[in-house]
Amino acid sequence: MKEDIQRQISAGIFKPEDKLPSEPELAKAYNVSRPTLREALKMLQREGVLISKNGVGTYVNGRLSVIENPLSKLQSLGEMIKNAGYKESESNVRIIRQKAELDWQEKLCTDEDMIVVERIRTADGQKVAFYYNIIPVSIVGDCLKEGFSGAIFDLFTNRLGIKITYAITEICAINQANELDRLAINQLGSEILLLKQLHFDAKDRPIFYSLDYLLNSVFKFFIKRE
């Protein structure tokens, strides 16, 4: 029963902030006693899947629990979302070729054209991230001509034969005078943080640059200091 309720939420039958049927209705639908039903609902509430509003009913939690990740651990956003127990997906994928901006030239040590992958990431159907992967044309070639889906690290490892071994990450404030920052605000709202990340291979070559806009109500990063 507990697992079936979770499946219905994941499938979108019960959406975030939806009110569940009453306890008598659920008990009848699952052919269980009210105490058995209440125990299953309490477990889902402890896991943050459901919330109870006294005198009103039980609702699907409209807010995601925090997704934590140590800054010292190099992980894709998709991996972070999945490791937190959510179903990750992507939408609004756009791949364009454009002239490199000055900041990109300095980071990637080239003034050649760039392939920019723009995407939205979702967790259980909710938007949690909006980001750009910026890759020199000489590195990616025509690899993205037919489109792209999945983890960016898998693209480099499996299709380009390049292993990303580390990244230099800068945590930045949002600047509404910046066009890309404004686009991110339009997608996610103003409560976001920006990670600027330059990724390197084992030979210390800068391979790609990324601008990751994340909901700061969902993502929490930490680092051990000694």
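Residues numbered from 1 in each chain as written. Predicted model: local features only at pLDDT ≥ 70, side-chain atom pairs only at ≥ 80, totals over all residues. Heavy atoms only, no water.

**Student:** Mind showing me how you'd approach the pattern of salt bridges here?
**Tutor:** Any two side chains of opposite charge can pair, so long as their charged atoms come close to each other. Summed over all chains, the structure comprises nine salt bridges. In this structure, the salt-bridge partner of Glu88 is Arg121, at a minimum N-O distance of 2.3 Å. On the criterion of sequence distance, the pair formed by Glu88 in strand E4 (residues 88–98) and Arg121 in strand E5 (residues 114–123) is long-range, its members being 33 residues apart. Glu88 sits in the partly exposed class, given a relative accessible area of 22%. (Salt bridge = Lys/Arg side-chain N within 4 Å of Asp/Glu carboxyl O. Helix = DSSP H or I, 4+ residues; strand = E, 2+ residues; numbered from the N terminus. Buried < 20%, exposed > 50% of the residue type's maximum accessible area, 1.4 Å probe, protein only.)

**Student:** I would appreciate a short explanation of the side chain of Thr122 in the present structure.
**Tutor:** By secondary structure assignment, the location of Thr122 is in strand E5. Beyond its immediate chain neighbours, meaning those up to four positions away, Thr122 contacts Ile81, Lys87, Glu88, Ser89, Glu90, Lys127 and Val128. (Contact = heavy atoms within 4.5 Å.)

**Student:** Help me understand the domain arrangement of the protein, please; the structure alone is not making it clear to me.
**Tutor:** As a measure of interface size, the accessible area lost when the parts come together is often cited. When its domains are assigned, the protein resolves into domain 1 (1–60) and domain 2 (67–222). Taking only C-alpha atoms, the centre of domain 1 and the centre of domain 2 are 36 Å apart. (Domains from an automatic or database assignment.)

**Student:** How do you make sense of the packing of aromatic side chains when you look at a structure like this?
**Tutor:** Ring pairs (aromatic) are described by centroid distance and by the angle formed between their planes. Per the counting criterion, the structure on display carries seven aromatic pairs. Considering the side-chain rings of Tyr166 and Phe200, the 4.8 Å spacing of their centres and the 5 degrees angle between planes classify their relative orientation as stacked. Taken together, the residues span a long stretch of sequence, with Tyr166 in strand E7 (residues 164–172) and Phe200 in strand E8 (residues 192–201) at a distance of 34 residues. The buried category is assigned to Phe200, whose relative accessible area is 12%. Residues Phe219 and Phe221 carry aromatic rings whose centres are separated by 6.3 Å and whose planes lie at 5 degrees to one another, so their mutual orientation is stacked. Under the relative-accessibility criterion, Phe219 is labelled buried at 4%. In textbook terms, an aromatic cluster arises when at least three aromatic residues are bridged by ring pairs, as seen for Phe130, Tyr132 and Tyr213. The positively charged end of Lys53 is found above the aromatic ring belonging to Tyr59, 4.3 Å away from the centroid. (Phe/Tyr/Trp six-rings, centres within 6.5 Å; stacked < 30°, edge-to-face > 60°. Lys NZ or Arg CZ within 6 Å of the ring centre and 35° of its normal.)

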